[in-house]
Every structure is written in C-alpha cells, then in structure tokens.
Amino acid sequence: MNRKRLAVLISGRGSNMAAIERASQAEDFPAEIVLVLSDNASATGIKTAQDAGIKAHAIPRSNYESKSEHEAAISEAIDNVNPDLICLAGYMRLLSAHFTECYKGKLINIHPSLLPKHKGLDTHARALEAGDKKHGCTVHYVNAEMDGGEIIAQAQVAVAANDTPETLAARVLVQEHRLYAQVIRELCSD
Ligand code: GRF
C-alpha cells in the first residue's frame, strides 16, 4: 500500500499526534506521520514522537522576528517532506490567510467542541457554563478564521450533571483520539 504522508503540528502534550501514530500501526491504515513540528521547544510531544521513531523538532516562534517569517520556516519544513495532509493537533497558534490558502484542502484541525459552538479556548468550562447537554469535538478544514473552516466530522459526548471541565475534557479527549484517526483514515483512502 502506498501510504499517504502526514505532517502533524503540535504545541504541547501531543496526545492526538500519538493517537494518530498508534492508529497508523494498523497494517491497513492508509497514512503515516513523516514529520512532527512544534512551535514550542518544551512541547513534550516532540519526545513522544521521536521515541516512536518519527522525525520531530521545534520551530519556536521566538526565533523569528515576525509571524510571516515563522510561518515561512514552518512551510519550508513541511514542504521538505511533501505531505499529503497537514494535521494540527493541539497547535495553539492562529495561521495566516496566506498559510491556510497555500495548503487549502490539505490542512485540518481537531477542536474540542461541537463547532460552531465554543470556538477558541476553555471549551469545556464554557460548555458547562452554557448548560449544554451535549459536548464533543470536531475535525475541520482550517482557514484563517479561528476554528471557522468547513466541518468534516464530529463526535458527541453527553454532559453529566456532576461534570467538571476536567472530567468533561477527559471524556472528549477519548473521542478526539478516535475521531481524528477515523477522519484521517477516510481522507487518505483512495
Ligand atoms: C486537544 O484537546 C485539542 O483538541 C486542543 O488542545 C488539546 C491538545 O491535546 N486543541 P494534545 O496536545 O493532542 O494532547
């Protein structure tokens, strides 16, 4: 099988990246991670990826004068591995319209809410505050609008009366790991 090539962008823990890597161990999984990039040198996901034998390094924003120079460095690293799909997985930086247009149709993200509800940060606390009965996660194409690109797939969890942001986050994360791998499988299948 000719596997599709994935570049994964992270900023921290990298558990979604690790879930994609685990899924890719299945013989019939149609993609493999060829590069992990972080905008943050202390992201623990870099070591997780390296331990799994994946090329991974940081391109810290602080090494560049401007956002456009930082994005140019990220683009260069991505283009060097010629990926079929670029997966944002806990990447905590907004990408410019120039960048998102450049990779249009090849750039996806996982967000921990049922978009279009709760774009941005602190989604679990906001779902609880809003009294939502259902919460979950969304995989979507990325455009320059924060969490605003076309929705590809969602997974729901029921909100329990005694949920805290932490308990809800933990249940949503299980769904994130499952959903992201499933979407990648579908997008990368011919
Ligand atoms: C995930 O909940 C992701 O949806 C959000 O940030 C978290 C990152 O977790 N954007 P991880 O780095 O994949 O463990």
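Conventions we followed
Here the residue numbering is sequential within each chain, running from 1 through the sequence in written order. Thresholds applied to this predicted model are a pLDDT of at least 70 for local features of residues and 80 or more for the giving and counting of side-chain atom pairs; totals over whole chains, interfaces and linings are not thresholded and use all residues. Water and hydrogen atoms play no part in the side-chain values, which are based on all heavy atoms of the structure. Strands here are runs of E lasting at least two residues and helices are runs of H or I lasting at least four, both read from the DSSP assignment and numbered beginning at the N terminus. Partly exposed describes any residue whose relative accessible area lies between the buried limit of under 20% and the exposed limit of over 50%, with all areas from a 1.4 Å probe on protein chains only and scaled to the type maximum. Pairing of N or O atoms within 3.5 Å defines a polar contact, subject to two protein rules: one partner must be a possible hydrogen donor and the other a possible acceptor, and residues neighboring in sequence count only if both atoms are side-chain atoms. Throughout, a residue-residue contact means that at least one pair of heavy atoms, one from each residue, lies within 4.5 Å. When two cysteine sulfur atoms lie within 2.5 Å, the pair is treated as a disulfide. For each residue, the test is whether any non-hydrogen atom lies within 4 Å of the molecule or strand; if one does, the residue is near. Areas reported here follow the Shrake-Rupley algorithm with a probe of radius 1.4 Å; residue values treat only the protein chains shown as occluding. By the convention adopted, Pro, Cys, Tyr, Trp, Phe, Met, Ile, Leu, Val and Ala count as nonpolar, Lys, Arg, Asp and Glu as charged, and the other residues, Gly among them, as polar. Among buried residues, those of type Ala, Val, Leu, Ile, Met, Phe, Trp, Tyr and Cys that are joined through side-chain atoms within 4.5 Å constitute a nonpolar core.

Asks: When you look at the side chain of E71 in this model, what are you seeing that I'm missing?
Replies: One can find E71 in helix α3 (residues 67–81). Given the relative accessible area of 6%, E71 is considered buried. Within polar-contact distance, the side chain of E71 engages the side chain of S96 at 2.5 Å. Look past the residues within four positions of E71 in its chain and what remains in contact with it is L94, L95, S96 and F99.

Asks: I would appreciate a short explanation of the state of the cysteines in the present structure.
Replies: A covalent bond between the sulfur atoms of two cysteines is referred to as a disulfide. Enumeration over the complete set of coordinates arrives at zero disulfides. Note on C102: no disulfide assigned, nearest cysteine sulfur contributed by C87 at a separation of 16 Å. Of all cysteine sulfurs, the one in C87 lies closest to C137, which takes part in no disulfide; the gap is 14 Å.

Asks: Quick question: what am I supposed to make of the site of the ligand here?
Replies: Inspection of the region around the ligand gives R13, G14, S15, N16, G90, I110, P112 and E176 as its neighbouring residues. One of the side-chain N or O atoms of R13 is found 2.5 Å from an oxygen atom in the ligand. In the complex, 85% of the free accessible area of the ligand, which totals 360 Å², lies under the protein chains. Of the residues assigned to the shell around the ligand, the class counts are two nonpolar, four polar and two charged.

Asks: Looking at this model, I keep getting lost on the nonpolar core. Mind explaining?
Replies: Taken as a class, soluble globular proteins show a tendency for nonpolar side chains to be buried jointly. Core analysis: the biggest nonpolar cluster contains 34 residues, and L6, V36, Y180 and I184 have the highest contact counts within it. Here I184 is in contact with L6, I20, F29, A31, L85, C87 and I108, once residues within four sequence places are set aside. Of all hydrophobic cores here, the second largest spans 19 residues; its members include V34, I59, I86 and L88.

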